[in-house]
Amino acid sequence: MILMISAIPDPAAVAALAARAEALEWRDGRTTAGPSARGVKRNLQAVMNAPAARALAGEVQGLLAAHPVLRAAALPRRFSHLLISKTQDGGHYGAHIDNAVIKAASGEAMRSDVSFTLFLTPPGDYDGGELVIHSASGTQEIKGEAGAAVLYPSGTLHEVRPVTRGQRIVCVGWIESMVADCAARETLFDLENLRAALRARLPLQSEELLTLDKTISNLLRRWAQP
Ligand code: NI
């Protein structure tokens, strides 16, 4: 499932985050790429252990971790460290697969189940720079509004097209989900959306809603590893 959410709806708040990101110290992105990605990665990445970068990443992660749609779609157990990436002057990130086991923000190893990109730059400020996600059913090209975040399965082949004008600044990160299987996560997300829709129409104690509550709980019991 590929899902776009409005992560930071306030344009002024996104612009402030983008300005703070712009002022960070940058270095060649190849230093943080896994072996398969190193040869295809041409971008800049903020030095994330600097206090200003840590503060920015912490704020963004807090906003994402509290987002109700992200929580329902990704069922997060833990987040990775965030990276802040800047692509310009024809920079790009060729087709690659994200590392399966990465470092959590808390330090231990975690599995990457869901990848996310939070767009900080308005799409009109740059040409190119589409996030392209390849799947069996074709490819999807994504260029989000500033403040939007796209979530996609970490197991998909994906790339970032060359940025031919302006610059594209994004925050990227990974989530380990309580439910490793992406088809199971999608089923639970569909059922949560169904429950929200039915709650607007039926009494909470209706037989239909109680049955749905039971179904969601029992699927979580079957699939979740909290
Ligand atoms: Ni990637």
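Everything discussed here concerns the structure shown above.
Overview of the structure. (Residues numbered from 1 in each chain as written. Predicted model: local features only at pLDDT ≥ 70, side-chain atom pairs only at ≥ 80, totals over all residues. Heavy atoms only, no water.)

Okay, the packing of helix α1 (residues 11-22) against helix α3 (residues 51-65) next. Running from amino to carboxyl end, α1 crosses α3 at an angle of 150°, the nearest separation of the two axes being 10 Å. Taken together, α1 and α3 sit at an angle that is classed as roughly antiparallel. Crossing hand, α1 versus α3: left-handed. Together, Leu17, Arg20 and Ala21 of α1 and Ala55, Leu56, Glu59 and Val60 of α3 make up the contact between the two elements. A per-class count over the contact of α1 with α3 returns five nonpolar, no polar and two charged. (Axes fitted to C-alpha atoms, helices over the stretch in contact; angles between N-to-C directions. Helix = DSSP H or I, 4+ residues; strand = E, 2+ residues; numbered from the N terminus. Parallel < 35°, antiparallel > 145°, perpendicular 65-115°, else oblique. Left-handed = near helix turned anticlockwise from the far one by under 90°. Contact = heavy atoms within 4.5 Å. Nonpolar A, V, L, I, M, F, W, Y, C, P; charged D, E, K, R; others polar.)

Note: strand β12 (residues 131-135) against strand β13 (residues 138-142), five bridges, orientation antiparallel. Each residue of the ladder has a partner; that of His134, found in β13, is Thr139. As consecutive antiparallel partners, β12 and β13 are separated by two residues. (Pairing = 2+ DSSP bridges.)

Attention now moves to helix α6 (residues 207-223). It helps to recall that an α-helix has 3.6 residues per turn; residues three or four apart then point in one direction. Along its 17 residues, α6 runs 24 Å from first to last C-alpha, staying within 8% of the 24 Å computed at 1.5 Å per residue. Within α6 the residues assigned to the buried category are Leu209, Leu212, Ile216 and Leu219. Viewed end-on, α6 has its buried residues packed into an arc of 90°, placing them on one side of the element. Turned more than 90 degrees away from the buried face of α6, the exposed residues are Glu207, Lys214, Arg221 and Arg222. Check the buried side of α6 and you find it contacts α5 (182-199). (Expected span 1.5 Å × (residues − 1). Buried < 20%, exposed > 50% of the residue type's maximum accessible area, 1.4 Å probe, protein only. Arc of directions from axis to C-beta.)

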